[in-house]
Amino acid sequence: MHDQARFEYLLRLGDNCLILSQRLSEWCGHGPVLEEDIALTNVALDLLGHARFWLTCAAEVENAGRDEDQLAYLRDAGEFRNVLLVEQPNGDYAQTTARQFYFDTWHYFLLRELKNSSDSRVAEIAEKAVKEVTYHLERSSAWVIRLGDGTEESHGRMQRSIDDLWVYTGELFEPDAIDVEMRERDIGADLESLRAPWLEHVQKTLSEATLDAPSAGWMQRGGKRGVHTENLGYILAEMQFLQRAYPGAQW
Amino acid sequence: MVEGAQLSPEEIQFQERIDAGIKIEPKDYMPEGYRKTLIRQISQHAHSEIVGQLPEGNWITRAPTLKRKAIALAKVQDEAGHGLYLYSAVETLGVTREQTIEDLLAGKAKYSSIFNYPTLTWADMGAIGWLVDGSAIINQIPICRCSYGPYARAMVRICKEETFHMRQGFEIMMTLCRGTPAQKAMAQDALNRWWWPSLMMHGPSDAESTHSAQSIRWKIKLFSNDELRQKFVDQTVPQAEYLGLKIPDPDLKWNAERGHYDFGKIDWDEFYNVIKGNGPCNRERLRARIAAHEEGSWVRSAAAAHAEKRAKRKAA
Amino acid sequence: MNDWPLWEIFIRSQHGLAHKHVGSLHAPDAEMAVKNARDVYTRRNEGVSIWVVKSCDIAASSPGEKEPLFEPANSKVYRHPGFYEVPEEVKNM
């Protein structure tokens, strides 16, 4: 019998990176300026790399003969464990930036904790990923400031996106039974402890961006137990199409 | 124009430098025709890279494995990079990127007609890498030695990166050809659709080409279109045989006397029509570029406005 | 205002050579020029250090001055080691 909690936990880490990378890759070739097209694709590539590490690790823990691709391409939406935030649509560049900023801030503090995981594989992946994510965070924070404190139009768009996506940030810090078990076994991070540094960085950045920080309120949740927004079904329909249409083929 | 006729002393000296293999740099004297030809050629090339992101970008979100997805992303990203290097080379000739892109969006500039064909299956990702990038490399390697320094340097960088593009395409084709019958059929279908457009990529035949002779004198072009096309055919036929695919040309055969493959007649009517805007995807491609440019406009202004505010605050 | 200024990018590779000009790009400010340079010009481990300079801030020699600037050095062959005769018997000088 495999370690189900650890398997689920690794899926969460992998699915967050995979789905966000998938969303970012939709921008490739359509960015607001060439330099930005290239930069955003680098972030998509980093996250895809992280997803592959986590999913490969999950497959090993599961020990059922599946690999990264079978996990990515042959699970249905209810089996995906990513948070709702990452599956939200790209929208305009402000929306993409706000989603990235909320996620990068959380991802950064999470990975810093996971570097000390008692699971050496987890620690190793986190150690490598945190370097790239440090850059992601610098980048998305700088863009929030640039768009917030740019023109009247960009300020309005940025504020709207920061407000719209706020409801998906609560889930990031709410531990469930699996998070608690992983924390107790020193494999995972204490999600609640990430809230304060996350909020501090978010507030500091928003203030520099001349944006208002949203106030606490009702939060959406469900991604971690497989209850997603309608977006995920479409993401998977597109992403998994070839593997579903040609079962068992090698690519 | 008769060679040497009506050349000013400056132009004669310029031609002597080119003949001596000396590179021309941005601030050097150059005849207006040379500058114009370069601007036209390099910007067309830059636009081709940028528009060329679209047909393949189409399949990034549907790539069949995570490894293939990473490769596809990196490749399409490289194309943005190539466009950027080339727009920079155009800027050294005194035309800003903004102006060059405006010409594209206004429908005034050309780009490689091959990107007006649709990518219908995953095998098209293989065919584009193998055939389109294969053709591009053959066209581009000589340009690394062209007479204009910034263009030559950009091409050196591009060619280094392009080899990976062709190899990943061939690998996709190879995997499909070794796969299920449905996959092999997919590969053959892609070859059938991309073969002739790839031959057209080398441009009109020498007899028809309007700019060739002068460009060769100026060393902006080092081989004729027909020479490059022949090289592509000779290189690709054995690769298709290795894959077990049939090139869709009944007239294709080895000519021992010439030491080259003979091939059938290219449908130039189709070529000129695609250039004129009648290809299957001309409108979609241009619309996608216009949308990206227009939707990006407020982002670019915001970043510029922010930089200005910060500079002012710093000065205060 | 939509146009970002042009920046020239210089990269120092891992091998300890001096910063070398690799190309240019557009960015609204220096901070972003450095970040963009990282994304555009170091995708294949090309570098460990980046310099960015606004193109308009570069002062360059003019091609018209090529002869007065560079000809004089041509006539001073004694600056090159090959100018001197080293006897066969004396190795490694």
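Above this text is the structure in question.
Residues numbered from 1 in each chain as written. Chains lettered and ligands numbered in written order. Predicted model: local features only at pLDDT ≥ 70, side-chain atom pairs only at ≥ 80, totals over all residues. Heavy atoms only, no water.

A. View of the sheet that holds strand β3 (residues 49-54) of chain C. Residues and elements named next belong to chain C. Strand order across the open sheet formed by 3 strands is β2-β1-β3, with antiparallel pairing between neighbours. Every interior strand has two partners, whereas the edge strands, β2 (20-26) and β3, have only one. For this sheet the average axis-to-axis angle between neighbouring strands, irrespective of direction, equals 30°. Strand direction decides the pairing type here: strand β1 (residues 6-12) and β2, joined by 6 bridges, are antiparallel. Pairing of F10 across the sheet is with H21, part of β2. Packing of helix α1 (residues 30-41) onto the sheet brings it into contact with β1, β2 and β3, and relative to β2 it is tilted by some 115°. (Pairing = 2+ DSSP bridges. Helix = DSSP H or I, 4+ residues; strand = E, 2+ residues; numbered from the N terminus. Axes fitted to C-alpha atoms, helices over the stretch in contact; angles between N-to-C directions. Contact = heavy atoms within 4.5 Å.)

B. Here's a closer look at the interface of chain A and chain B. Across the contact, 47 residues belong to chain A and 46 residues belong to chain B. Between chain A and chain B, a total of about 3,900 Å² is buried, with carbon and sulfur atoms accounting for 67% of that surface. Run the count over chain A and chain B and you get 3 salt bridges. The partner of D149 of chain A in a salt bridge is R313 of chain B, and the shortest N-O contact between them spans 2.6 Å. Across the chain A-chain B interface, the total number found is 18 residue pairs in polar contact (both at pLDDT 80 or more). (Buried area = accessible area lost by both parts, 1.4 Å probe. Salt bridge = Lys/Arg side-chain N within 4 Å of Asp/Glu carboxyl O. Polar contact = N/O pair within 3.5 Å; in protein donor to acceptor, adjacent residues only side chain to side chain.)

C. Up close: the packing of aromatic side chains. All names here are of chain A. Scanning all chains against the criterion turns up 25 aromatic pairs over all chains. Each ring, one from Y102 and one from W198, has its centre 5.7 Å from the other, and the planes form 35°; the classification is tilted. Residue Y102 is found in helix α4 (residues 93-114), and its partner W198 is found in helix α8 (residues 191-208); the two are separated by 96 residues along the sequence. You'll find Y102 and W198 in the same group, each marked buried. The positively charged end of R146 is found above the aromatic ring belonging to W143, 4.9 Å away from the centroid. For R221, the ring lying beneath its charged end belongs to W218, and the centroid distance is 5.2 Å. (Phe/Tyr/Trp six-rings, centres within 6.5 Å; stacked < 30°, edge-to-face > 60°. Buried < 20%, exposed > 50% of the residue type's maximum accessible area, 1.4 Å probe, protein only. Lys NZ or Arg CZ within 6 Å of the ring centre and 35° of its normal.)

D. Spatial organisation of the nonpolar core. Judged by nonpolar contacts, the single largest core of 194 residues is most densely connected at L114 of chain A, Y34 and W130 of chain B together with L25 of chain C. With 15 residues, the top contributor of residues to this core is helix α2 (residues 34-62) of chain A. If we ignore the near neighbours within four places in the chain, the residues touching W130 of chain B are M166, G169, F170, M173, L191, T236, Q239, A240, L243 and L245 of chain B. (Core = buried A, V, L, I, M, F, W, Y, C linked by side-chain atoms within 4.5 Å.)

E. Highlighting the environment of E161 of chain B. Locating E161 of chain B in the fold gives a position in helix α6 (residues 149-177). Along the backbone, E161 of chain B and G52 of chain B are 109 residues apart, and their C-alpha atoms lie at a distance of 15 Å. Apart from the residues within four sequence positions on either side, E161 of chain B is in contact with D78, H82 and Y85 of chain B together with R43 and R44 of chain C.

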